[in-house]
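Chain by chain, the residues:
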Amino acid sequence: MSTRRPLTPDALDDRPIPVQANLAAAWTSFMFLYAYVDILGFYTPGAIKDILDGKAYEFDLSQTFSTTVLAVLAVPIFMVVLSMTLPARLNRTTNLVVAALLVPFTVFNVAGGFYLLFYGLGVVLELVLLALILRYAWTWPRCAPSATTATGSDRAAVRARPHA
């Protein structure tokens, strides 16, 4: 027996959010954070001078560098869309794999950071979002087997249930 709470004029509807929407929101937040850490990084002393001199951290700026960075960043960017469009099983697996692979990549970003507190905070916040993505994907709700998907002894148990 369930007890209903009385509805008051100021009661808010708190419906469950689909896992796909939670994942897409977390990937979007991850990308905003990633972009803003890089943008704010331009304000560190010497950053613009280094860029004008053809360097980004320890790397020479080149078409290869820019293409590599774009390809790496395209992965979490596309995860926003893929989280909303892939079928559940593939969606779950893709989110688990991509988020897990991005953890060491994200930690690497703190290496060589001039403002260690700033970049460290950015990395910690990005890791929190990746952990949230891993949690959402890992705890993806499962459906009860239906008569059409159940196999073997499961199928017999499903058929034996009384129909409502």
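Treat the numbers as computed from the prediction; the structure is a model and nothing was measured. (Residues numbered from 1 in each chain as written. Predicted model: local features only at pLDDT ≥ 70, side-chain atom pairs only at ≥ 80, totals over all residues. Heavy atoms only, no water.)

Peer 1: Go over a nonpolar patch on the surface, please, and point to the residues and values.
Peer 2: Taken together, the side chains of Phe32, Tyr36, Ile39, Leu40, Phe42, Tyr43, Ile48, Ile51, Leu52 and Leu61 present a nonpolar region at the surface, about 1100 Å² in accessible area. Sorting the residues of the nonpolar patch by element identifies helix H1 (19-41) and helix H2 (47-52) as the ones contributing at least two each. At four residues, the largest contribution of residues to the nonpolar patch is made by H1. According to the relative accessible area criterion, Leu40 is partly exposed, its value standing at 42%. (Patch = residues over 30% accessible without salt bridge, like charges linked within 9 Å, V, L, I, M, F, W, Y side chains within 5 Å. Areas by Shrake-Rupley, 256 points an atom, 1.4 Å probe, with all protein chains shown as cover. Salt bridge = Lys/Arg side-chain N within 4 Å of Asp/Glu carboxyl O. Helix = DSSP H or I, 4+ residues; strand = E, 2+ residues; numbered from the N terminus. Buried < 20%, exposed > 50% of the residue type's maximum accessible area, 1.4 Å probe, protein only.)

Peer 1: Now, about the packing of H1 against helix H3 (residues 63-85): what can you tell me, with residues and values included?
Peer 2: As a packed pair, H1 and H3 sit with axes 7 Å apart at the nearest point and diverge in direction by 160°. One finds that H1 runs roughly antiparallel with respect to H3. Helix-helix and strand crossings are classified by hand; for H1 and H3 the assignment is left-handed. For the pair formed by H1 and H3, the contact residues are Gln20, Ala21, Leu23, Ala24, Trp27, Thr28, Phe30, Met31 and Tyr34 on the first element and Leu73, Pro76, Ile77, Met79, Val80, Ser83 and Met84 on the second. In the contact of H1 with H3, the residues fall into 13 nonpolar, three polar and no charged. (Axes fitted to C-alpha atoms, helices over the stretch in contact; angles between N-to-C directions. Parallel < 35°, antiparallel > 145°, perpendicular 65-115°, else oblique. Left-handed = near helix turned anticlockwise from the far one by under 90°. Contact = heavy atoms within 4.5 Å. Nonpolar A, V, L, I, M, F, W, Y, C, P; charged D, E, K, R; others polar.)

Peer 1: Go over the nonpolar core, please, and point to the residues and values.
Peer 2: Membership of the largest hydrophobic core comes to 16 residues, with the highest contact counts inside it found for Trp27, Phe30, Leu102, Leu130 and Ile133. Secondary-structure elements contributing two or more residues to this core are H1, H3, helix H4 (88-108) and helix H5 (116-138). The dominant element in this core, judged by the number of residues it contributes, is H1, at seven residues. Excluding anything up to four places from it in sequence, Phe30 contacts Pro76, Leu102, Thr106, Glu126, Leu129 and Leu130. (Core = buried A, V, L, I, M, F, W, Y, C linked by side-chain atoms within 4.5 Å.)

Peer 1: Describe the environment of Ala21, listing the residues and the values that go with them.
Peer 2: One can find Ala21 in helix H1. Classification of Ala21 by relative accessible area gives partly exposed; the value is 26%. For Ala21 and Val81, which are 60 residues apart along the polypeptide, the C-alpha to C-alpha distance reads 10.0 Å.

Peer 1: Residues and numbers for the packing of H3 against H4, please.
Peer 2: The geometry of a pair of packed helices is captured by two quantities: the angle between their axes and the separation between those axes. Closest axis-to-axis distance for the H3/H4 pair is 11 Å, and the angle between their directions is 155°. With respect to H4, the element H3 is oriented roughly antiparallel. Once H3 is placed against H4, the crossing between them reads as left-handed. Listed contacts from H4 to Val72, Val75, Pro76, Met79, Leu82, Ser83 and Met84 of H3 are Asn91, Thr94, Asn95, Val98, Leu102 and Phe105. For the contact of H3 with H4, the per-class residue count stands at nine nonpolar, four polar and no charged.

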